[in-house]
Structures are given as C-alpha cells and as structure tokens.
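Architecture and fold: a report
Spelled out, the chains give:
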Amino acid sequence: MTTKTLRNVQDLADAGLVPLERRLALERVAAQYAVAITTPMAELIDVADAHDPIARQFVPSDAELELRPEELADPIGDVSHSPLEGIVHRYPDRCLLKLNHACAVYCRFCFRREMVGPAGVRPLSPDALDAAIGYIAEHPDIWEVIVTGGDPFILAPRRLREVMARLGEINHLKVVRFHTRVPVVQPQTVTDELVAALQGPGKAVYVALHANHAREFTAEARAACAKIVEAGVPMLGQTVLLAGVNDDPETLTALMRAMVETRIKPYYLHHADLALGTGHFRTSLETGQAIMRAMRGAVSGLCQPTYILDIPGGHGKVPIGPDYFADGSVEDPAGRRHAYPPKAGA
C-alpha cells in the first residue's frame with residue numbers, strides 16, 4: 001500500500017482505489033474539489049467492497065458533479081458572519097478562528113469544500129492573524145474560541161504554541177477548542193510537542209475530533225487520542241450522519257462506543273449540510289431521528305450525541321432529535337406512552 005498522501009486521481013488509480021476507466025470522469029471532480037487521502041485511511045479501505053464506508057468518505061465520485069437546487073456554496077453562512085478574515089462570529093459568546101484552509105484529508109461531503117484545499121482560501125498572513133487576535137481581544141463577550149479551518153493540527157507545533165500564547169493574554173477568553181480530524185487520519189503526527197503546544201495559560205482547552213465510522217479508531221488513532229487525553233485535554237466527538245457510511249443504529253452505535261472507549265464524549269451528530277454536490281450523502285431528518293430513537297435506552301447515555309441541524313444561511317444550530325413529550329404524555333424507550341404528570345391513583 002502507498003506510503004504517501006494520495007493527492008490526485010492518478011495516485012488513487014496507482015493505489016488501486018479507483019479503476020483506470022473512471023479516471024477521466026474523476027479528473028473533473030478533482031479539478032473542482034480537493035483530494036487527499038492519508039496512508040492510514042488508504043490502508044483501511046477494502047477495495048473489494050464497492051460500498052466501503054471509508055472509501056465513500058474520501059474517494060471522489062462522479063455524483064459530486066450533480067448539483068441540487070437547494071445546495072449552497074456557503075451552506076452555513078460563514079461568509080455572512082465573518083467580520084474580518086479568519087473570524088466567524090455567529091454566536092454571542094464564541095467565535096471561530098480559522099488559521100488555515102488546508103486539511104490532512106479532504107472529505108467528499110465537506111461543508112467548506114469551496115474554501116479548502118490547495119486552490120482554496122490562503123492561510124492567515126501575520127497581519128491578518130494580528131487583526132483576528134485583536135478582534136477577539138476587543139470583544140469581551142467572547143468566552144470561547146474554536147480554532148478550526150481547515151485543520152489546525154496540520155500546522156507546526158511552533159505556530160500553534162504562538163497562537164495559544166497570544167490567546168492566553170486575553171483575560172475574558174476562558175475556553176479554547178480545537179476541531180480536527182488528524183488523530184484518526186494521520187495519528188503519527190500527534191506528537192508530544194504538538195500536544196504541549198495546545199496548552200494555554202489560564203485557559204480550558206478541548207479537542208473536538210471528527211470521526212464517522214468505528215473503523216477509523218485504529219490502535220494508532222486510539223494511542224494518539226490517549227496522548228491528548230492523558231495530557232489533561234478533554235476530547236469531544238463530532239460526527240456527520242452520512243448515507244452509506246453510518247446511517248443505521250448498529251453502525252452509529254459502534255462508532256459512539258469506539259469514541260467513549262477512547263475517552264471521547266460524543267458531542268454532535270450533524271445532519272449533513274447542503275454543500276454543493278453532496279446530495280448523495282444526505283439522509284432525511286426522519287432517518288436521523290429514527291436512528292436516535294433506536295439508540296435511546298438501548299445504548300449507554302455516554303454514547304448519545306445531540307442530533308443537530310445547522311440551519312442554512314447562518315441561522316445557527318438547533319437540536320432536531322426525536323420529541324418524547326406531547327399532549328400531556330411521554331414516550332418511553334420501548335415506544336409506550338405514559339401520562340405526565342401521572343394521574344392521581346395511577
């Protein structure tokens with residue numbers, strides 16, 4: 001198997017991940033949306049399985065060229081909530097700090113696929129970073145900063161350390177959260193130096209890991225996560241509900257259990273966004289609700305994420321899980337309804 005990141009269709013063909021006869025069609029996809037598959041992910045792909053859930057996440061498909069009327073270039077409204085380069089300020093007490101727009105891998109369903117990759121938005125320049133840090137310092141309501149991108153964990157530890165030192169000087173800022181896929185897709189790069197760079201004086205630091213299938217939690221990935229957790233940095237899990245990857249209770253349960261076993265608390269299950277060319281990944285809301293209902297009661301509460309929708313246009317995230325209370329009665333995990341409050345004498 002390959003020992004390098006696969007970055008184009010020829011690389012994929014050479015690694016046996018796509019047939020040669022599909023090369024020309026997939027070149028059209030790769031010309032529009034970035035391609036990168038790391039060695040750990042490439043080695044997980046079962047080439048004999050036409051429906052392999054790892055391949056579906058990372059190997060380009062002709063379906064990405066099929067656009068639907070409801071799809072948007074900026075599905076969650078990053079641009080409309082960006083007061084300056086590198087900052088997205090959608091909610092009163094927190095903002096995004098987007099240091100870069102490159103990733104170790106490029107997910108085929110990415111909601112920022114128009115911005116990321118070699119041809120995407122450039123990393124923040126020193127002047128732009130100064131302005132972004134200044135914005136955070138000038139807004140005392142900002143209690144939390146979410147460092148994202150792109151993937152901040154592909155940056156040099158020195159750069160992360162410098163950013164954390166500057167954030168550490170902002171007294172009203174209390175929490176820094178990093179969003180990353182690196183511990184599962186490129187675990188060998190989670191070094192002691194990188195983990196140490198995450199620490200900020202006087203700040204509570206969290207790492208939110210994006211993973212979509214239990215097979216991503218290899219021994220190496222679990223060791224990388226352990227390195228973070230054992231350094232005193234709590235981890236959260238984020239997952240996208242994806243048709244053909246994890247859209248059934250059994251698969252999603254296995255993923256959530258893998259997270260909890262790795263000391264990662266499942267946080268959000270995202271309904272797939274309306275990004276261009278991603279319709280083949282989206283389920284119905286009813287499918288997601290049915291999965292969450294099936295998991296409730298049957299699976300440990302530690303394994304229950306919040307199923308959420310990021311309302312298109314930048315209107316914010318809202319929980320969309322099943323509703324168990326209606327018309328004065330509550331439904332139990334077995335589907336039986338009970339009056340609440342109970343009637344006297346019942």
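The structure this text deals with has already been given above.
Residues numbered from 1 in each chain as written. Predicted model: local features only at pLDDT ≥ 70, side-chain atom pairs only at ≥ 80, totals over all residues. Heavy atoms only, no water.

What to know about the overall build of the chain
Along the chain, the regular secondary structure elements total eleven helices and twelve strands. A globule of 346 residues ought to have a C-alpha radius of gyration of about 20 Å, and the chain, at 21 Å, matches this closely. Summarising its shape, the C-alpha atoms of the chain cover approximately 70 × 55 × 40 Å along the three principal directions. Out of the 346 residues in the chain, the part that is buried amounts to 53%. Taking as baseline every contact in the chain between residues at least 6 positions apart, the subset at least 24 positions apart corresponds to 77%. (Helix = DSSP H or I, 4+ residues; strand = E, 2+ residues; numbered from the N terminus. Rg over C-alpha atoms; globule rule 2.2 N^0.38 Å. Buried < 20%, exposed > 50% of the residue type's maximum accessible area, 1.4 Å probe, protein only. Contact = heavy atoms within 4.5 Å.)

Overview of the environment of Lys174
Mapped onto the fold, Lys174 is located in the loop between helix 6 (157–167) and strand 4 (175–180). Expressed as a C-alpha distance, the spacing of Lys174 and Ala204, which sit 30 residues apart in the sequence, is 6.3 Å. Those residues in contact with Lys174 that sit more than four places away from it in its chain are Trp143, Gly202, Lys203 and Ala204.

Overview of the packing of aromatic side chains
The tally for this structure, following the rule as stated, stands at three aromatic pairs. Ring geometry for Phe153 against Phe178: centres 6.0 Å apart, planes inclined by 55°, an arrangement best described as tilted. Note that Phe153 is positioned in the loop between strand 3 (144–148) and helix 6 and Phe178 in strand 4, a separation of 25 residues in sequence. For the pair Phe153 and Phe178, a shared accessibility class is recorded, and that class is buried. Seen from their ring centres, Tyr267 and Tyr268 are 4.0 Å apart, and the 15° between their planes marks the pair as stacked. The exposure class assigned to Tyr267 is partly exposed, which follows from its relative accessible area of 24%. (Phe/Tyr/Trp six-rings, centres within 6.5 Å; stacked < 30°, edge-to-face > 60°.)

Some remarks on the pairing of strand 8 (residues 306–311)
Walk down a regular strand and you will see the side chains alternate between the two sheet faces. One ladder, built from three bridges, connects strand 7 (residues 264–271) with strand 8; its direction is parallel. What sits directly across from Leu269, in strand 8, is Tyr307. Assessed by its sense of winding, the connection that carries the chain from strand 7 through helix 11 (residues 285–295) to strand 8 is right-handed. One ladder, built from four bridges, connects strand 8 with strand 9 (residues 316–319); its direction is antiparallel. Its bridge partner lying in strand 9, Ile311 is registered against Gly316. The loop that links strand 8 with its antiparallel partner strand 9 comprises four residues; one of these, Gly313, has a positive phi angle of about 95°. (Pairing = 2+ DSSP bridges. Right-handed = clockwise from strand over helix to strand, strands pointing away.)

A few points about the layout of surface pockets
Of the pockets and cavities examined, the largest pocket occupies roughly 880 Å³. The wall of the largest pocket is formed by 39 residues, among which Phe111, Arg112, Thr148, His179 and Gln238 lie closest to the centre. Of all the secondary structure elements, the ones that give two or more residues to the lining of the largest pocket are strand 1 (87–91), strand 2 (94–98), strand 3, strand 4, strand 5 (204–210), strand 6 (235–241) and strand 7. The class makeup of the residues in the lining of the largest pocket is 22 nonpolar, eight polar and nine charged. Taken as a whole, the second largest pocket holds about 410 Å³ of empty space. Residue lining of the second largest pocket: 20 residues in total, with Arg22, Ala50, Ala55, Arg56 and Val59 positioned closest to the centre. In terms of residue class, the lining of the second largest pocket is built from ten nonpolar, five polar and five charged. (1 Å grid on protein atoms, 1.4 Å probe; cavity = no way out; pocket = protein on both sides within 12 Å on 5 of 7 lines; lining within 4 Å. Points joined across faces, edges and corners; volume = space filled by probe spheres on them. Nonpolar A, V, L, I, M, F, W, Y, C, P; charged D, E, K, R; others polar.)

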